[in-house]
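# Architecture at a glance
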Amino acid sequence: AGQTQVSGPVSLAGGVSCVITLTAVVGTTSVDTNVVNTVTLATVAGGTAEPDASSNIATVAATITPVNFTIGKMQQIGNGTADLSTDILYVTRANTMTYQVTVTNSSASGTGTATFTDTLPTLMTPVYTISFTATGGSFSCYGGTFTGGRVRGTVTAVPPGGGCVMKIVVRAGAITTPQTTVTNT
């Protein structure tokens, strides 16, 4: 936050130009911020004032708009074409169910990157390949393996409206108490 001044001498022969490139990283707390960058030529050779000062300043501006990701989760019994639901489902031991996590860039403009993690309930173990599918554009949507009860996914350079669908097929483990409720948040 704030301002940073960069200055230094540049010696140029007549008719020669110099390009100076500054690259800045936008902070994660920047929200709808206007950024203005002004460059000024102060003096010419020998410390003399520039005869035409009106050509010694240039300004560019940009508005930084944050990228907003949303996440949702649904589930279904089995690994087929059954309707996904957010309702409580009843699955018997050793049967499978599918969790589907959807991450979407719901911003009006701007691409973004996000990492997401799904911590599976103790009684559920992945039994098939965990799949990642990009939706709404050409970008990277990928994930890791099941480690420590968690599955992690990452999306990079996601355009507005684009997203990633992660599907995890799990098997219900040994349940010692009938009607055990398993929650996956």
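Now for a description of the structure that goes with this document. (Residues numbered from 1 in each chain as written. Predicted model: local features only at pLDDT ≥ 70, side-chain atom pairs only at ≥ 80, totals over all residues. Heavy atoms only, no water.)

Taken as a whole and judged by the stated rule, the model has zero aromatic pairs. Directly above the ring of Tyr99 sits Lys73, whose terminal nitrogen or CZ lies 5.8 Å from the centroid. (Phe/Tyr/Trp six-rings, centres within 6.5 Å; stacked < 30°, edge-to-face > 60°. Lys NZ or Arg CZ within 6 Å of the ring centre and 35° of its normal.)

This brings us to the pattern of salt bridges. All told, the structure shown has one salt bridge when counted by the stated rule. Across the pair Lys73 and Asp118 runs a salt bridge whose closest N-O atoms are separated by 2.6 Å. Linking Lys73 in strand 3 (residues 69-77) with Asp118 in strand 5 (residues 112-119), this pair joins segments that are 45 residues apart in sequence. Asp118 gets classed as buried once you look at its relative accessible area, which sits at 1%. (Salt bridge = Lys/Arg side-chain N within 4 Å of Asp/Glu carboxyl O. Helix = DSSP H or I, 4+ residues; strand = E, 2+ residues; numbered from the N terminus. Buried < 20%, exposed > 50% of the residue type's maximum accessible area, 1.4 Å probe, protein only.)

Here we come to the pairing of strand 4 (residues 96-105). Along any regular strand the residues' side chains alternate between the sheet's two faces. Most of strand 4 is tucked away, with eight of its ten residues classed as buried. Note that strand 4 and strand 10 (residues 163-172) share nine bridges and pair antiparallel. What sits directly across from Tyr99, in strand 10, is Ile168. (Pairing = 2+ DSSP bridges.)

Moving on to unusual backbone geometry. Not every positive phi belongs to a glycine, and Ala94 is a case in point at roughly 75°. Within the secondary structure, Ala94 is located in the loop between strand 3 and strand 4. In this structure, Ala157 takes a positive phi of about 55° despite not being glycine. On the secondary structure map, Ala157 appears in strand 9 (residues 150-158).

Don't take any of this as a statement about function, it's just geometry.
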